[in-house]
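Descriptive structure summary
For reference, the chains in residue letters:
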Amino acid sequence: DHDSDVKRTALQIGGFSDDFYARFFEMGGRNLPARCINEIGDEKVLDLVAQDLGASGARFDHISLVNILDRTSIPHSVFMTLAQYPECRKRIGVHPDIPAELLEELAYDANEWTSTSALQNPMIPEAVMRDVLLKRKDSSCLAIRGNPFAPHDLIDICAKNGGIQKYLGKSCKTSPSA
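Residues numbered from 1 in each chain as written. Predicted model: local features only at pLDDT ≥ 70, side-chain atom pairs only at ≥ 80, totals over all residues. Heavy atoms only, no water.

Describing the packing of helix α9 (residues 112-119) against helix α10 (residues 126-136)
Orientation of α9 relative to α10, taken along the N-to-C sense of each, is 150 degrees, at an axis distance of 11 Å. Taken as axis vectors, α9 and α10 run roughly antiparallel relative to one another. In terms of crossing hand, the pair formed by α9 and α10 is left-handed. Here Glu112, Ser115, Thr116 and Leu119 of α9 lie close against α10, whose contacting residues are Met129, Val132, Leu133 and Arg136. Within the contact of α9 with α10, the residues separate by chemical class into 4 nonpolar, 2 polar and 2 charged. (Axes fitted to C-alpha atoms, helices over the stretch in contact; angles between N-to-C directions. Helix = DSSP H or I, 4+ residues; strand = E, 2+ residues; numbered from the N terminus. Parallel < 35°, antiparallel > 145°, perpendicular 65-115°, else oblique. Left-handed = near helix turned anticlockwise from the far one by under 90°. Contact = heavy atoms within 4.5 Å. Nonpolar A, V, L, I, M, F, W, Y, C, P; charged D, E, K, R; others polar.)

Points about the packing of aromatic side chains
All told, the structure shown has 4 aromatic pairs when counted by the stated rule. Look at Phe16 and Phe20: their rings are 4.2 Å apart centre to centre, the planes differ by 20 degrees, and that puts the pair in the stacked class. Aromatic side chains Phe24 and Phe25 sit 5.1 Å apart centroid to centroid with 80 degrees between the ring planes, which places their arrangement in the edge-to-face category. Of the residues examined, Phe24 reaches a relative accessible area of 14% and is grouped as buried. Judged by relative accessible area, Phe25 falls into the buried class, the value being 12%. Taken together, the ring pairs connect Phe16, Phe20 and Tyr21 into an aromatic cluster. (Phe/Tyr/Trp six-rings, centres within 6.5 Å; stacked < 30°, edge-to-face > 60°. Buried < 20%, exposed > 50% of the residue type's maximum accessible area, 1.4 Å probe, protein only.)

Some points on the pattern of salt bridges
For the structure shown, the criterion picks out 8 salt bridges. Glu87 serves as the salt-bridge partner of Lys90, at 3.7 Å between the closest nitrogen and oxygen. One end of the pair is Lys90 and the other is Glu87, both in helix α7 (residues 86-92) and 3 residues apart, which spans about a single turn. Overlapping salt bridges bring together Glu87, Lys90 and Arg91 as one network. (Salt bridge = Lys/Arg side-chain N within 4 Å of Asp/Glu carboxyl O.)

Quick notes on helix α8 (residues 100-107)
Within α8, the full set of buried residues consists of Leu102, Leu103, Leu106 and Ala107. Each buried residue of α8 lies within a common arc of 140 degrees when the element is viewed along its axis, so the set occupies one face. Looking at α8, the residues exposed on the side facing more than 90 degrees away from the buried face are Ala100 and Glu101. Taken together, the buried residues of α8 touch α6 (76-82), α7, α9 and α10. (Arc of directions from axis to C-beta.)

Some thoughts on the nonpolar core
Leu32, Ile68, Leu82, Ile92 and Met129 are the most contacted members of the largest nonpolar core, which has 42 residues in total. Per element, the largest residue contribution to this core is 5 residues, and it comes from helix α4 (residues 43-55). (Core = buried A, V, L, I, M, F, W, Y, C linked by side-chain atoms within 4.5 Å.)

What to know about helix α5 (residues 62-69)
Among the residues making up α5, those that are buried are Ser64, Leu65, Asn67, Ile68 and Leu69. The elements touched by buried residues of α5 are α3 (34-37), α4, α6 and α7.

Thoughts on the confidence of the model for the protein
Taken as a whole, the protein shows an average pLDDT of 80; of its residues, 80% reach a score of 70 or greater. Least confident of the elements in the protein is helix α13 (residues 163-174), whose mean pLDDT is 50; most confident is α8, at 96. Taken as a whole, residues 171-178 scores under 50 in pLDDT and shows 2 contacts with residues more than four places along the chain or in a different chain. (pLDDT = per-residue confidence, 0-100.)

Okay, here's the thing in structure tokens:
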């Protein structure tokens, strides 16, 4: 139908096949209601939803992203698509299904919110966590406090007066090359 209100109402009802949703996007459809996202099982169609979501810019729909991220399994291709968009990068780092290489990329991201999200993921390698915190010289280390697998010695360093900054100062003074 050409009437946008009729289309929107029909989509709100849902119950369509993955093929219907694929054609919806092929014909230029945009902004699929969040309810419909839960019905999609096909990886290619879910990737089209991710592209549409990321490209929406100022009209970014957080509920639709939550519906994607709340799925029991998310294909790696969908994570890679979402990672192309700044609004999505900030939110995907904590997801347990995120591919390891993308998780590491997000940990080193220049955007602190994105980096913090990745550091809170229990799957982040300890070496990456340490390296990122040292490079950021994050004195409060709030980024790792949400990670149940953060190493205790690193949490202790962060909790003490001066945190990483003080630790860096000590390790530089005691190193043989100093």
